[in-house]
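A closer look at the structure
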Amino acid sequence: MRVLVEAPGPPGHGVRRHAERVTELLTGPAGPTGPAGPTGPAGAQGGSDLTHAHFTDALWGPDVASAAAAFTRRAADLPRPLVVTLHDVPGGDPDPLRDARRVAGYRRVAAAADLVIVSARHEAVKARAFGVEPLVIPLPLPFRSPAAGSWSPEWTDRPTIGVLGFVYPGKGHAEAIDAAAGHPARPRVVAAGAVSPGHAALWAELVARARAVGVELHLTGPLDEADLVAAARAVTVPLAPNHGVSASGSLLTWLACGRVPLAARGPFAVETAEDHPGHVRLYEPDAIGPELARALADPARTRRVPPVRPDVGALHRRAYALARRRTAC
């Protein structure tokens, strides 16, 4: 099967990394026989049996209405059937007007697809609430067999709290700084990644916040896969502080690297903890202190052999077959 993958966005973005990982899982003996991978202009479509597009409003336009319009225009030119994975599914936003705008946009995107996929059970509940019946295919672990690079982090000379991924609003770096400030050892906070484009001012605010409470804040900058694995394995305490995340590749990166992260209780963290008992330590937002103290006192609590996830490649092949049957009718 020849699959055209449509996943715009900068290299390293979580959605694009997910698309690349799914493509990797599909390129084995039972996977696609033709080109598969995030694409650019429409010229690379020849001979595709179907299209798998990935949609999150932040990557398709400056606002959700523009993003949905851009997607539907693009969908008109893509090979059918069209399978769409929805990311950052709306529903329950503290701002009801923003939530309504995003719901309208996502409903429009779903209407352009022959099959809709979401990555978590709580996302399926939200999608059904606005009239979309999706398949649930869990996120895969981000790495097949993670191997650390040759980079040896210079920041391992003292205890650290690590947050993986881009720095952007709501990611949880501020919460990590506050958690470090609340512990007598004042562990260093490591932002393992780069500042997301357009958010230099946020980083400046985080630096000032850390300085004000006597916490050292370290930014690694962009990391390739091997160095990201090295960073994930090197931190003393792995932290996943974004309780509002819809489905998190960062949380699963910790698991793939053999870490047991402290995760703020939220729908996706709870699902992951239910699916993999003992691989996630949940804490209530704003109440990380006891778990952090235990982890710093006994870092072995944060290490465990990675869990086994479902065969995501096989689940996508079944989804593609379903989409082809639907369009053949």
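Residues numbered from 1 in each chain as written. Predicted model: local features only at pLDDT ≥ 70, side-chain atom pairs only at ≥ 80, totals over all residues. Heavy atoms only, no water.

Attention now goes to unusual backbone geometry. For the bond from Arg80 to Pro81, the omega torsion is 0 degrees, close enough to zero to count as cis. On the secondary structure map, Pro81 appears in the loop between α3 (64-75) and β3 (82-86). At Asp88, a position not held by glycine, the phi torsion is positive, near 55 degrees. Position of Asp88 relative to the elements: it lies in the loop between β3 and α4 (96-111). With a phi close to 45 degrees, Arg186 is a non-glycine residue in the positive phi region. Classification of Arg186 as partly exposed rests on a relative accessible area of 32%. (Helix = DSSP H or I, 4+ residues; strand = E, 2+ residues; numbered from the N terminus. Buried < 20%, exposed > 50% of the residue type's maximum accessible area, 1.4 Å probe, protein only.)

In this structure, Phe55, Phe71, Val84 and Leu86 are the most contacted members of the largest nonpolar core, which totals 29 residues. Mapped by element, the contributors of at least two residues to this core are β2 (50-55), α2 (57-60), α3, β3, α4, β4 (115-118) and α5 (121-129). Per-element tally for this core: the top contributor is α3, with 6 residues. Residues in contact with Val84, not counting those within four places in the same chain, are Ala53, Phe55, Phe71, Val109, Ala113, Leu115, Val116 and Ile117. (Core = buried A, V, L, I, M, F, W, Y, C linked by side-chain atoms within 4.5 Å. Contact = heavy atoms within 4.5 Å.)

Glancing now at the environment of Ala111. As for its placement among the helices and strands, Ala111 is situated in helix α4. Residue class for Ala111 comes out exposed when judged on its relative accessible area of 65%. The spatial distance from the C-alpha of Ala111 to the C-alpha of Thr72 is 9.0 Å, given a sequence separation of 39 residues.

So, on to helix α9 (residues 249-256). Buried residues dominate α9, accounting for 7 of its 8 residues. Buried residues in α9 make contact with β6 (160-164), α8 (225-234), β9 (237-240), β10 (262-264) and α10 (267-275). The residue sitting at the N-terminus of α9 and contributing the capping side-chain oxygen is Ser248; that oxygen lies 3.2 Å from the backbone nitrogen of Ser250. Looking one or two residues past α9, Gly258 carries a phi angle of roughly 80 degrees, positive in sign. (Polar contact = N/O pair within 3.5 Å; in protein donor to acceptor, adjacent residues only side chain to side chain.)

Attention now goes to the sheet that holds β6. Read across the open sheet, the 6 strands follow the order β8-β7-β6-β9-β10-β11; overall the sheet is parallel. Strands at the two margins of the open sheet, each flanked by one partner only, are β8 (217-219) and β11 (281-283). Going from strand to strand, the sheet's axes swing by 25 degrees on average, the running direction of each strand aside. Bridge count for β10 against β11 is 3 bridges, and the pairing is parallel. Bridge assignment links Ala263 to a residue of β11, and that residue is Leu282. (Pairing = 2+ DSSP bridges. Axes fitted to C-alpha atoms, helices over the stretch in contact; angles between N-to-C directions.)

We now examine the environment of Ala113. Here Ala113 is to be found in the loop between α4 and β4. By relative accessible area, Ala113 is classed as buried at 15%. Excluding its chain neighbours within four sequence positions, the residues that come into contact with Ala113 are Arg80, Leu82 and Val84.

Burial of β6 is extensive: 5 of the 5 residues sit out of reach of the surface. Here β6 shows a buried face lined by Thr160, Gly162 and Leu164 and a second buried face lined by Ile161 and Val163. Across 5 bridges, the pairing between β6 and strand β7 (residues 188-192) is parallel. Counterpart to Val163 in the pairing with β7 is Ala191. Of the crossover connections in this fold, the one passing from β6 over helix α6 (residues 173-181) to the parallel β7 is right-handed. Looking at chain direction, β6 and β9 are connected through 3 bridges and run parallel. Bridge assignment links Val163 to a residue of β9, and that residue is Leu239. (Right-handed = clockwise from strand over helix to strand, strands pointing away.)

Attention shifts here to the pairing of strand β1 (residues 3-6). Taking every second residue as pointing to the same face, both faces of β1 are buried, with Val3 and Val5 on one and Leu4 and Glu6 on the other. Where β1 meets β2, 4 bridges bridge the pair, whose relative direction is parallel. Across the sheet, the residue bridging to Leu4 is Thr51, located in β2.

Turning next to the confidence of the model for the chain. In this model, the chain carries an average pLDDT of 90, and 92% of its residues clear a pLDDT of 70 or more. Below pLDDT 50 for its whole length, residues 29-45 participates in 40 contacts with residues either more than four positions away or in separate chains. (pLDDT = per-residue confidence, 0-100.)

Our focus in this paragraph is the side chain of Glu123. For Glu123, the position within the fold is in helix α5. Of the buried charged residues, Glu123 lacks a salt bridge, with Lys126 as the closest side chain of opposite charge at 5.8 Å. Sequence-distant contacts of Glu123, that is, excluding residues within four places in its chain, are made with Leu86, Asp88, Val89, Val118, Ser246 and Ala247. (Lys, Arg positive; Asp, Glu negative; His and termini not counted. Salt bridge = Lys/Arg side-chain N within 4 Å of Asp/Glu carboxyl O.)

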